[in-house]
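Take a look at the letters that make up each chain.
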Amino acid sequence: MATFSLDRRRFLTLAGGTVGAVALGAGQLAEAAELDPAPFTLGVASGEPDHTSVVLWTRLAPDPLDAATGGMPAEPVQVTWELARDEGFRHVIARGAVTAVPESAHTVHVLATDLAPDRWYWYRFTADGVRSRTGRTRTLPAPGAKPDVMRFAFVSCQSWAGGPYPAYRDLAGQDLDFVVHLGDYIYETTKGGLDEFRRLHALYKTSPDLRAAHARFPFFLTWDDHEVQNNYAGDVAGGAGDGRPFLERRANGYQAYYEHLPMRPEQQAHGPDALMYRRMSFGRLAEFSILDTRQYRSDQALGDGRKEPTGEVFDPARTLTGPEQERWLLDGLAASKAIWNVIAQQTIMAQFDYDLGPGKIVNLDQWDGYPPARARILDFIARERPANPVVLSGDWHTHWVNDLKTDFDDPHSRTIATEFVGTSISSGAGWDADVRLGLPANPHVKFYNGTYRGYVKCVVTREKWRSDLRIVLNASDAASPAYTIAAYEVRDGVPGAYRVDDGDGLVGVVTDRANGKPLGNVEVAVHREDGSRLVAVTTDPAGEYVAFAPAGAYTLRVNGVGYDLASMPARIGATGGSTVDFRLARSVAGAAKGRTVPGPQSQATASDFVLANDLLALAISAGTTDPQLPGVTLGKPLDLAALGHLDQLDWMNLPYASAAQPRGGNAWQQLTVRATAVDLISPTEVRVTGASTAVAGIGVVTTFGVRTGEPWVRAETVFTNTADAARTFWIGDVLDHDGTGQRSGIAGHGAITASAPADFTPTAPWLGMTGSDRQTYGLLYDEPGFTLYACGIWAMTQRKITLAPGAAFTLGRRIAALDNGGAADPFAVLAGL
């Protein structure tokens, strides 16, 4: 008989100190070591209950991060198990023995049967005289039963690098019947071997909070993409791997997934195939159709990504579920007698258009990339009217409440179902700003927040469904407090959700002082008493904001383009919740340090200069460095936004002075003008003094000025030849936009989207850039006489000049930022200036 041991020092290393491991306090470490002694270091779990049975799981792994063996000998090991009606095991109703074999990483799956319906049970395992912690599980109500209430949570997306899972710590303390996991249980690496997938599953379960959640509730699980490879589709790889055939990688990922989770025998992988979609009933109260939208889907159209949907996107043969699973889903909905019919699946079903103009930009990996398949499901729901359809989704690391409609392009079309999208347990949301900017084009989105990580808790009765959107303040802090960011209800027989709470934390509305108009895209920053910033959020199109903080005193500082800065004290009591509204006054022109241009992509700090008025704000570096412009960022524009918008500028390389005509894909990286001083020369003007690094004897002085009522900043650059010989060189500016849907605009040539730069001759002296947020940036020159070298993501003017000794040349232009109103031609606003 093998003997298993794991010394305390090694356990503490595994639990708290390895490769991105969970940061735990001493008390938590000690508790984890006592609860899950070797070989049960990965805890216990249960899952897939029905009304008479449930799966019990554990793995023997005295050294779980030993990828090859888990610290186990290469021999079978007997494991005994017990199931009791009480936590003290005075009433043991079932026990048995199973063999854990090395071919399955010494994992154990016990299907405990002949159980009473709708009852809680306790279970434990023993191996080599060592007993596991006690887990708690339950059976579901009988098929014909009419339970009064069902309580559950759904979760997704738990990247190990994202934090130590405080969301699971909060979840484990809730009163729940079960947990539904919608995918991305692990995040893959480039390696696709079985040992690597086993290592990842073991690594993730070194989190004591994840183990606690598994030990307290049964789980229903389905996978998304990262259990194998990001954005894979069916048998098509989603990215670069280690060179092995993709289906071999998929087989390894599927096998490790089954091994490490409490799945039923029929869900066991057979090579690269596994049956994951299935149905679960909570008596007559609710029926769940749990989908697999990865294994059978058609490859993403148009090369994947966020793009305008055209051509193959609308091929009715393309599918997210595969035809067999789609038929199974619709047949189940048609036959269901449940009060609530739940579709639990991976990715957002509602349409989301990222383009505020007349066009459309969607995420082709979501249901938006498969609109005929989505229409078949939603049309069926509209026609057959199964009772109270609710869709549960994950994947996008953000909280949403969506109306599912018969026609998303018509806000007045019928709402037929509700979709709740849960934020991630720990994975970040780098696309949060893009979503927030697109909200005005998507009125069927009833709620959105991408700032926080967490999960969704649902309480369901015959009369109503309530979803509490739970968040943690800091996913990287194991002790981070948790809050309800919003609660929504759906009434029996009434499609569509409505809000039923005011939320915890800090909430409020920001409006214009003169006319009461709500102000969207205003930044609200929460500062601690010591002045440090805790969090920053932005207002939605209704001017509303929500932010969270522990009990204490704070200062809220508000920054909106076109408005004066404002601040106000706030206090959160022990019960949580405080409302602070702001009424902002319009700005007059000024240039100063001490403020920034709002936006999650802003680079400049309060130590840089901002020129602002009632229509725009422009930040100029007074010391902040962009790594793409090493040594020459000083004096260059870094951030820019129009009234009602957030910064979408990467930077402006304004100006440059090059000895040779810029060519090639890196032509934008002009390191040819270096500033030596940036000074405030009047209340509305900033002067940047410098010289060319590429052309000897050329001094370069740029003066930026702003005036009230003008949607531009005036920029005038004087190039002076201080040498004793003539100088011939190239001058101009580079404009780089960083938002989604970015494209250049050239007079007479329209929008430029190509990835490779090309030469253009404009028909008017301006160039522009825009994205999907209805904001257009422009450089409007006083004089023609330049050509443009441009691609979709940057554009530059090129003008060749010769200066005699002592001569000077003045390059005058306006830096504009405007709302284009969603016009079909977003650059028309520049032509009118």
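Figured I'd write up the structure that's included with this text. Fair warning: this is a prediction, and the values are worked out from it, not measured in the lab. (Residues numbered from 1 in each chain as written. Predicted model: local features only at pLDDT ≥ 70, side-chain atom pairs only at ≥ 80, totals over all residues. Heavy atoms only, no water.)

**Regarding the overall build of the chain**
Counting secondary structure elements, the chain contains 10 helices and 50 strands. Structurally, the chain occupies a C-alpha span of about 100 × 55 × 55 Å along its principal axes. Here the chain, with 833 residues, has 61% of them falling under the buried criterion. Here the analysis covers contacts within the chain between residues at least 6 apart in sequence; of these, 66% occur between residues at least 24 apart. Carbon together with sulfur atoms contributes 50% to the accessible area of the chain, which is approximately 29,000 Å² in total. The chain carries 76 positive and 94 negative side-chain charges, and their two centres are separated by 3 Å. (Helix = DSSP H or I, 4+ residues; strand = E, 2+ residues; numbered from the N terminus. Buried < 20%, exposed > 50% of the residue type's maximum accessible area, 1.4 Å probe, protein only. Contact = heavy atoms within 4.5 Å. Areas by Shrake-Rupley, 256 points an atom, 1.4 Å probe, with all protein chains shown as cover. Lys, Arg positive; Asp, Glu negative; His and termini not counted. Charge placed at Lys NZ, Arg CZ, Asp CG, Glu CD.)

**Observations regarding a negative patch on the surface**
A grouping of Asp 235, Asp 299, Glu 312 and Asp 315 is seen on the molecular surface, where their side chains present a negatively charged patch. Mapping Asp 299 onto the fold places it in the loop between strand S13 (286–290) and strand S14 (306–307). By relative accessible area, which is 38% here, Asp 299 ends up partly exposed. (Patch = residues over 30% accessible without salt bridge, like charges linked within 9 Å, V, L, I, M, F, W, Y side chains within 5 Å. Salt bridge = Lys/Arg side-chain N within 4 Å of Asp/Glu carboxyl O.)

**Examining the state of the cysteines**
Per the counting criterion, the structure on display carries 0 disulfides. Lacking any disulfide linkage, Cys 157 is separated from the closest cysteine sulfur, that of Cys 458, by 16 Å. (Disulfide = S-S within 2.5 Å.)

**Here's the deal with the side chain of Thr 624**
Counting through the fold element by element, Thr 624 comes out in the loop between strand S35 (616–620) and strand S36 (637–642). Using a relative accessible area of 15% as the deciding quantity, one classes Thr 624 as buried. In this structure the side chain of Thr 624 is engaged in a polar contact, spanning 2.5 Å, whose partner is the side chain of Asp 608. Beyond its immediate stretch of four places on either side in the chain, Thr 624 contacts Gln 603, Ala 604, Thr 605, Asp 608, Thr 633 and Leu 638. (Polar contact = N/O pair within 3.5 Å; in protein donor to acceptor, adjacent residues only side chain to side chain.)

**Things to note about the sheet that holds strand S27 (residues 533–538)**
Taking strand neighbours across the sheet as the criterion, the 4 strands line up as S27-S26-S29-S30 in an open arrangement whose pairing is antiparallel. Two strands bound the open sheet, and with one partner strand each, they are S27 and strand S30 (566–572). Taking each pair of neighbouring strands and ignoring which way they run, the sheet shows an average axis angle of 25°. Where strand S26 (residues 523–527) and strand S29 (residues 552–559) come together, 5 bridges link them in antiparallel fashion. Counted as the bridge partner of Ala 525 is Arg 557 from S29. (Pairing = 2+ DSSP bridges. Axes fitted to C-alpha atoms, helices over the stretch in contact; angles between N-to-C directions.)

**Some remarks on the packing of aromatic side chains**
Taken as a whole and assessed by the stated rule, the structure comprises 28 aromatic pairs. Relative to Tyr 296, the ring of Tyr 277 has its centre 6.0 Å away and its plane inclined at 75°; by these criteria the two rings are edge-to-face. Pair noted here: Tyr 277 is in the loop between helix H6 (246–259) and strand S12 (278–282) and Tyr 296 is in the loop between S13 and S14, with a separation of 19 residues, a long-range link. For Tyr 277, a relative accessible area of 12% gives the class buried. (Phe/Tyr/Trp six-rings, centres within 6.5 Å; stacked < 30°, edge-to-face > 60°.)

**Here we look at the environment of Ser 132**
Residue position: Ser 132 is located in the loop between strand S7 (130–131) and strand S8 (135–138). Relative accessible area serves as the criterion here: at 7%, Ser 132 is assigned to the buried category. Along the backbone, Ser 132 and Asp 733 are 601 residues apart, and their C-alpha atoms lie at a distance of 67 Å. Not counting the four nearest positions on each side in its chain, Ser 132 is found in contact with Leu 35, Phe 40, Val 44, Arg 124 and Phe 125.

**A look at the side chain of Asp 733**
Inspection of the secondary structure puts Asp 733 in strand S42 (residues 727–737). A polar atom in the side chain of Asp 733 sits 2.5 Å from the side chain of Tyr 781. Within the structure, Asp 733 has its side chain in polar contact with the side chain of Arg 813 (distance 2.6 Å). Non-local contacts of Asp 733, meaning those with residues more than four positions away in its chain, are made with Asn 653, Leu 654, Pro 655, Tyr 656, Leu 779, Tyr 781, Ala 795, Met 796, Thr 797, Leu 811 and Arg 813.

**Side note on the pattern of salt bridges**
Enumeration according to the criterion identifies 40 salt bridges in this entry. Notably, a salt bridge pairs Asp 242 with Arg 244, separated by 2.9 Å at the nearest N-O pair. Residue classification places Asp 242 among the partly exposed positions, given a relative accessible area of 36%. Of the residues examined, Arg 244 reaches a relative accessible area of 31% and is grouped as partly exposed. The closest approach of N and O atoms between Arg 491 and Glu 489, which form a salt bridge, is 3.6 Å.

**Focus: the nonpolar core**
Phe 152, Phe 288, Leu 392, Phe 420 and Trp 465 are the most contacted members of the largest nonpolar core, which has 58 residues in total. Looking at this core, the element that brings in the most residues is strand S23 (residues 482–491), giving 5 residues. Apart from residues no more than four positions distant in its own chain, Phe 420 is found in contact with Phe 154, Val 390, Val 391, Leu 392, Ser 393, Trp 400, Val 401, Trp 465, Ser 467, Tyr 488, Val 490 and Ala 497. By size, the runner-up hydrophobic cluster in this structure holds 46 residues, among which are Leu 618, Leu 654, Val 678 and Ile 752. (Core = buried A, V, L, I, M, F, W, Y, C linked by side-chain atoms within 4.5 Å.)

**A short note on the pairing of strand S19 (residues 415–421)**
Of all 7 residues making up S19, 7 are buried, and the element is well covered by its neighbours. Two strands pair when backbone bridges link them, and strand S17 (residues 389–393) and S19 are joined in this way by 4 bridges, in the parallel orientation. Bridge assignment links Leu 392 to a residue of S19, and that residue is Phe 420. Relative to S19, strand S18 (residues 399–405) runs antiparallel, the two sharing 6 bridges.

**Here's the deal with the sheet that holds strand S15 (residues 340–344)**
Sheet architecture is open: 7 strands sit in the order S12-S13-S15-S17-S19-S18-S20, paired in mixed fashion. Single-partner strands in this sheet number two, and they are S12 and strand S20 (445–449). Averaged over all pairs of adjacent strands, the angle between strand axes in this sheet comes to 20°, irrespective of strand direction. With 4 bridges connecting them, S18 and S20 associate as antiparallel partners. From the neighbouring strand, His 399 faces S20, where its bridge partner is Asn 449.

**Considerations on helix H5 (residues 208–216)**
Residues separated by three or four positions in an α-helix point in the same direction, a consequence of the helix having 3.6 residues per turn. For H5, the tally of buried residues reaches 7 of 9 residues, placing the bulk of the element in the interior. Every buried residue belonging to H5 is among Pro 208, Asp 209, Leu 210, Arg 211, Ala 213, His 214 and Ala 215, and all of these are buried.

**Some details on the packing of helix H7 (residues 323–335) against helix H8 (residues 371–384)**
Contact geometry of H7 with H8 gives a least axis separation of 11 Å together with a crossing angle of 10°. By the angle class used here, H7 and H8 are roughly parallel. Judged by residue contacts, Glu 326, Arg 327, Leu 329, Leu 330, Leu 333 and Ala 334 of H7 engage Ala 373, Arg 376, Ile 377, Phe 380 and Ile 381 from H8. Class assignment for the residues of the contact of H7 with H8 results in 8 nonpolar, no polar and 3 charged. (Parallel < 35°, antiparallel > 145°, perpendicular 65-115°, else oblique. Nonpolar A, V, L, I, M, F, W, Y, C, P; charged D, E, K, R; others polar.)

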